Each structure stands twice: as structure tokens, then as C-alpha cells.
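Breakdown of the fold
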Amino acid sequence: MKNVEFMEKEKTKQLLLYLFRQLNAICEKYDIPYYGYAGTILGAVRHKGLIPWDDDMDVVIERKYYNRFVEACSKELTEPVTIHTRENDRYFCQEYIKFCFREDDGGFSDISIDVFIMDETDPQKKILRSFQNIVLESLYFIKYYKVTHIQGERTYTPQNGLKHALLAMGSLMPIDMIDKLHKKIMTLEAGDMTHFVIWGSHYSYQKVTFEKNMWSGRVYLPFETVEIPVPEHYLEILRQMYGADYMKLPPKEKQINHGVRELNCKMVDNEWIRRNC
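Residues numbered from 1 in each chain as written. Predicted model: local features only at pLDDT ≥ 70, side-chain atom pairs only at ≥ 80, totals over all residues. Heavy atoms only, no water.

**Topic: the overall build of the protein chain**
Looking only at helices and strands, the protein chain features eight helices and nine strands. Against the compact-globule benchmark of 19 Å for 277 residues, the protein chain has a radius of gyration of 19 Å, which places it among compact chains. Judged by the C-alpha coordinates and their principal axes, the protein chain covers about 50 × 45 × 45 Å. In the protein chain, buried positions account for 48% of the 277 residues. In the protein chain, the share of contacts with a sequence separation of at least 24, taken over all contacts with a separation of at least 6, comes to 68%. With an accessible surface of roughly 14700 Å², the protein chain has 51% of that area assigned to carbon and sulfur atoms. (Helix = DSSP H or I, 4+ residues; strand = E, 2+ residues; numbered from the N terminus. Rg over C-alpha atoms; globule rule 2.2 N^0.38 Å. Buried < 20%, exposed > 50% of the residue type's maximum accessible area, 1.4 Å probe, protein only. Contact = heavy atoms within 4.5 Å. Areas by Shrake-Rupley, 256 points an atom, 1.4 Å probe, with all protein chains shown as cover.)

Next up, the structure:
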């Protein structure tokens, strides 16, 4: 395995804020409402910027703006900034969009802003939501299993023999079919629902099911050298996601920085960063 070079913390911050300014410009130009989300709201409230051990930013948009956002990015973004989606990389497994840099080898940067998608849901339909969660998780691991075995660099093989057999069987589906089924399951409840759910989140679906009115209105919070839009009820969102003591720092052993892989892009050198960041 190759040694991985990680990005220096200050450079990570500079490039994230640069990406944020690009994302904000597109959303403003194309009238796409977006909000800071999860650790980005928490960072704004508790640290006035990035959580010290964090290395990305999160925003969220409604499903109805997904295509508009992707098309706007395709039209407006210039190298080296791009987006990473299931549409432009059939091997991409995540449910969200990564707003990132294109690297010199044609790949996508580790450093990114994650753009999560809010789908409509009815929390009273507990059986349906449980079904959605199980199927979506299964489809994610089926695709991940299939992709890692196609690429062959670091294959995902569950230790559990039954799970391994089920994933191997599921991976017989073509990737396009997996993606279509995945989107179909996420949007089963599209309509006039009272709640949003963020299926692609790293949190349990119950924790990221919100009343729609919690995402109404818009205020701006200082975040490093910029301001980020958040919903008026951002404190309620923080309490729901992190509990009433969200302002309390976690213990040292949980303040984990996984690091961001160094950017492989000659264009983004120190001079480029000095001029653009």
C-alpha cells in the first residue's frame, strides 16, 4: 500500500473556504436555497468556524434542486473545481454530492464540501421508513462490494459468510440498475409530506428526520472568514442531532482528525492558493 500524504491543516482550511465561495456563488446565481448542515452548523455556533479536528464542510439542499445544482455546476465550474456524483462517476457510492477539485490523474480530491440531499418523508410510516433504510443500506454495500472488486485495489469482503454471499449475489446487478433502484427508494415518499429526511447522512435516519418548518427562514453565522446560511431554527436542529449539551466539547479521545489526503493537482500550488484563497 502506498504511503498517504496528508494535507496541512491551514491549507485544508483555505481550500475548503475557497470551495465554499464557489458553491455559494453558484447557489446564489441559480436561486438554489442551501444551508449549512451537521458539523458545519455546530462548528459555526461553537467555534465560529471549522471544528478544530474536522476536515470538511457539510451543506444540504432539497431534492427538487438536485438537477438544477448539478446542471449549474456543470455549466459554471472551471478547472480545477468540479463535483463528484453518481452521474459523472459510475463507481461513486455515496448518496450525496462532493463539491471538490479535479486531480491531475482525472480523479477527485479527498478535500470537499459534502452536499447532502433532503427527501420528503412521513415519520408515521414506520414500517416503510424501516424498509427504506434497510434497502438503501444494502444497496450501498452491494455497490461498494462490486466497485471495490472491479477496481481491485482494496476489496471489501465481509467476514460474515452469509453477508458475503448476499453481497456477491446482489453485485450481479448492473451498476446502473443499482443506482436507479437506490434513487427510487430514497424518493418513494415524494409529495406533500410534513417532514424531511437525509438518507445519505452518517447519522441514523431517525435523528435526521426533521419537520419541514425547521428548515424555513435563513440567517447567517460567522464561519472563519465567511458567513454561512443556516435555518432560523438551527439551535433546534443542533439539539436534535447532538443533544442539549452540544456546546460541550467531546472527550479528547473522541476529537479524532482522520486527515485529508494531499491534493494531486499541480494547478493548485502555493502561488495559486495565495492568489485565490
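**Overview of unusual backbone geometry**
In this model, Glu79 is joined to Pro80 through a cis peptide bond whose omega is 10 degrees. A positive phi angle, close to 55 degrees, is found at Ala38, a residue other than glycine. Locating Ala38 in the fold gives a position in the loop between strand S1 (35-36) and helix H2 (39-47). Even without a glycine there, the phi angle at Glu224 is positive, about 55 degrees.

**Observations regarding the nonpolar core**
Core analysis: the largest hydrophobic core is formed by 67 residues, its most contacted members being Phe69, Phe99, Phe101 and Trp215. Counting residues per element, this core draws most heavily on helix H1 (residues 9-29), which supplies nine residues. Counting residues in hydrophobic clusters, the runner-up holds 13 residues, among them Ile142, Ile178, Met186 and Trp199. (Core = buried A, V, L, I, M, F, W, Y, C linked by side-chain atoms within 4.5 Å.)

**Some details on helix H3 (residues 66-76)**
Here H3 has its buried residues at Tyr66, Phe69, Val70, Ala72 and Cys73. Looking straight down H3, one finds that the buried residues subtend no more than 165 degrees of arc, so they occupy a single side. Those residues of H3 that are exposed and aimed more than 90 degrees away from the buried face are Glu71, Ser74 and Lys75. Contact partners of the buried residues in H3: H1, strand S2 (57-62), strand S3 (81-84), strand S4 (97-102) and strand S5 (108-121). (Arc of directions from axis to C-beta.)

**Description of the environment of Tyr37**
Locating Tyr37 in the fold gives a position in the loop between S1 and H2. Judged by its relative accessible area of 1%, Tyr37 falls in the buried class. For the pair Tyr37 and Val115, spaced 78 residues apart in sequence, the C-alpha separation works out to 9.0 Å. Residues in contact with Tyr37, not counting those within four places in the same chain, are Asp58, Val59, Val60, Phe116, Ile198, Ser201, Tyr203, Val208, Trp215 and Met241. Polar contacts involving the side chain of Tyr37 include one to the side chain of Ser201, which spans 2.9 Å. (Polar contact = N/O pair within 3.5 Å; in protein donor to acceptor, adjacent residues only side chain to side chain.)

**Things to note about the pairing of S3**
Residue alternation in S3 divides its side chains into two sets, Val81 and Ile83 and Thr82 and His84, and both sets are buried. Where S3 lies against S4, four bridges are found, and the strand directions are antiparallel. Within S4, the residue paired with Ile83 across the bridge is Phe99. (Pairing = 2+ DSSP bridges.)

**Concerning H2**
In terms of residue burial, H2 counts as a mostly covered element, since eight of its nine residues are buried. Among all positions in H2, only Gly39, Thr40, Ile41, Leu42, Gly43, Ala44, Val45 and Arg46 are buried. Residues of H2 that are buried in the fold lie against S1, S2, strand S8 (219-223), strand S9 (226-230) and helix H7 (234-242). Positive backbone phi, approximately 60 degrees, marks Lys48, located one or two places after H2.

The values are spatial; any link to function lies outside them.
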